[in-house]
Amino acid sequence: GFSDVQPGMVAGAAYKAIYWAVDNGIAKGYSGGTFGPEDVCTREQFSIMLWRFAGEPASDTGTVNRFADVGSFSNNTSKKAVAWAVEQGIVAGFSDGSFKPGDKITRAQVAVMLWRFAGKPGSSSSSSRFSDISAYSSNVQNSIIWAENAGIAAGYSDGTFKPDGGCQRQHMAIFLNRFNSKVRSYKPE
């Protein structure tokens, strides 16, 4: 186990989800025996987790050459994961031609990526209990409402989703674990 993921140190849902993600090869810990549950994930890290969740499908790593900051990717695994995500229409990058792999990923970006990964499904409801999403684009709102109605995102006790908040590693594990149980099961090859 990780020294920073023990009963009482993280919420029960996070504990279960983190060890599920690690046991299935979706997430990894750090070399010092920690997981960093409160560390905010980068766009590169989440792309890798989602790619692993999908079973590490083949991709044309040349696809990432379209990004001006391709040299910022930390390794070839990152290039494979991001190339796959681009090919699947899950990510597109930014208008300046960059991907920004080292940027912290927001909760809204995660909701959009999961929604796209699921095939942009409709939601059973167009309303949300989250009081802080109305100022966002319809795609962002739709993805958050879908994640809420699918049981992937529960938000915070104050009724917010915090779309611009950084998505912590423990929340990534929770989102993927819930996605696995409610939308699409993880099937390693």
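The rules behind each value
Residues numbered from 1 in each chain as written. Predicted model: local features only at pLDDT ≥ 70, side-chain atom pairs only at ≥ 80, totals over all residues. Heavy atoms only, no water. Helix = DSSP H or I, 4+ residues; strand = E, 2+ residues; numbered from the N terminus. Buried < 20%, exposed > 50% of the residue type's maximum accessible area, 1.4 Å probe, protein only. Contact = heavy atoms within 4.5 Å. Areas by Shrake-Rupley, 256 points an atom, 1.4 Å probe, with all protein chains shown as cover. Lys, Arg positive; Asp, Glu negative; His and termini not counted. Charge placed at Lys NZ, Arg CZ, Asp CG, Glu CD. Axes fitted to C-alpha atoms, helices over the stretch in contact; angles between N-to-C directions. Parallel < 35°, antiparallel > 145°, perpendicular 65-115°, else oblique. Nonpolar A, V, L, I, M, F, W, Y, C, P; charged D, E, K, R; others polar. Phe/Tyr/Trp six-rings, centres within 6.5 Å; stacked < 30°, edge-to-face > 60°. Left-handed = near helix turned anticlockwise from the far one by under 90°. Core = buried A, V, L, I, M, F, W, Y, C linked by side-chain atoms within 4.5 Å.

Peer 1: What should I look at first to understand the overall build of the chain in this one?
Peer 2: When helices and strands are counted, the chain shows six helices and zero strands. Counting from the amino terminus, helix and strand elements in the chain follow one another as α-α-α-α-α-α. Taking the principal axes of its C-alpha atoms as reference, the chain extends roughly 40 × 40 × 30 Å. The buried share of the chain, reckoned over its 189 residues, is 46%. A separation of at least 24 residues holds for 73% of the contacts in the chain among residues at least 6 apart in sequence. With the model as given, the accessible surface of the chain reaches about 8900 Å², and the carbon-plus-sulfur share is 45%. Charged side chains in the chain number 19 positive and 16 negative. The centres of these two groups are separated by 4 Å.

Peer 1: It is not clear to me how the packing of helix α4 (residues 107–117) against helix α5 (residues 138–149) should be interpreted in this structure. Could you clarify?
Peer 2: When two helices pack together, you describe them by how their axes are tilted relative to each other and by the distance separating the axes. Running from N to C, α4 and α5 point in directions that differ by 75°, and their axes come no closer than 8 Å. In terms of orientation, α4 lies roughly perpendicular with respect to α5. When α4 is examined against α5, the residues Ala-108, Ala-111, Val-112, Leu-114 and Trp-115 are found in contact with a partner set consisting of Asn-139, Val-140, Asn-142, Ser-143, Ile-144 and Trp-146. Classifying every residue of the contact of α4 with α5 by side-chain character gives eight nonpolar, three polar and no charged.

Peer 1: Would you mind showing me how to read the packing of aromatic side chains here?
Peer 2: Describing an aromatic ring pair means giving the distance of the ring centres and the angle of the ring planes. For the structure on display, the rule yields twelve aromatic pairs. Consider the rings of Phe-130 and Phe-161, whose centres lie 5.3 Å apart with planes at 50°: the pair is tilted. Here Phe-130, found in the loop between α4 and α5, pairs with Phe-161, found in the loop between α5 and α6 (169–182); they are 31 residues apart in sequence, far enough to count as distant. The buried category is assigned to Phe-130, whose relative accessible area is 5%. Ring pairing ties together the aromatic residues Trp-20, Phe-53, Trp-84, Phe-117, Trp-146 and Phe-179, which thus form one cluster.

Peer 1: Would you mind going over the packing of helix α2 (residues 43–53) against α6 with me for this structure?
Peer 2: Closest axis-to-axis distance for the α2/α6 pair is 12 Å, and the angle between their directions is 25°. What the angle tells us is that α2 and α6 run roughly parallel. Handedness of the crossing formed by α2 with α6: right-handed. Note on element contacts: α6 touches α2 through Arg-169, Met-172, Leu-176, Phe-179 and Asn-180, opposite Phe-46, Met-49, Leu-50 and Phe-53. Its residues placed into classes, the contact of α2 with α6 shows seven nonpolar, one polar and one charged.

Peer 1: What am I meant to see in the nonpolar core here?
Peer 2: For soluble globular proteins, nonpolar side chains are generally found buried alongside one another. Counting 58 residues, the largest nonpolar core has Phe-46, Leu-114 and Leu-176 as its most contacted members. With eight residues, α4 is the single largest residue contributor to this core. Beyond its immediate sequence surroundings of up to four residues, Leu-176 is in contact with Trp-20, Ile-26, Phe-46, Met-49, Leu-50, Phe-53 and Leu-114.

Peer 1: It is not clear to me how α2 should be interpreted in this structure. Could you clarify?
Peer 2: Note: α-helices contain 3.6 residues per turn, so residues at a spacing of three or four share the same orientation. Among the eleven residues in α2, ten count as buried, and that is most of the element. Among all positions of α2, only Arg-43, Glu-44, Phe-46, Ser-47, Ile-48, Met-49, Leu-50, Trp-51, Arg-52 and Phe-53 are buried. Just beyond α2, the residue with positive phi is Gly-55, at close to 95°.

Peer 1: So what exactly am I meant to see when it comes to unusual backbone geometry here?
Peer 2: With glycine set apart, most residues show a phi of negative sign, and most peptide bonds adopt trans. Notably, Glu-56 is not glycine yet its phi reads approximately 55°, a positive angle. Classification of Glu-56 by relative accessible area gives partly exposed; the value is 43%. Even without glycine at this site, Lys-120 takes up a positive phi of about 55°. Along the polypeptide, Lys-120 turns up in the loop between α4 and α5.

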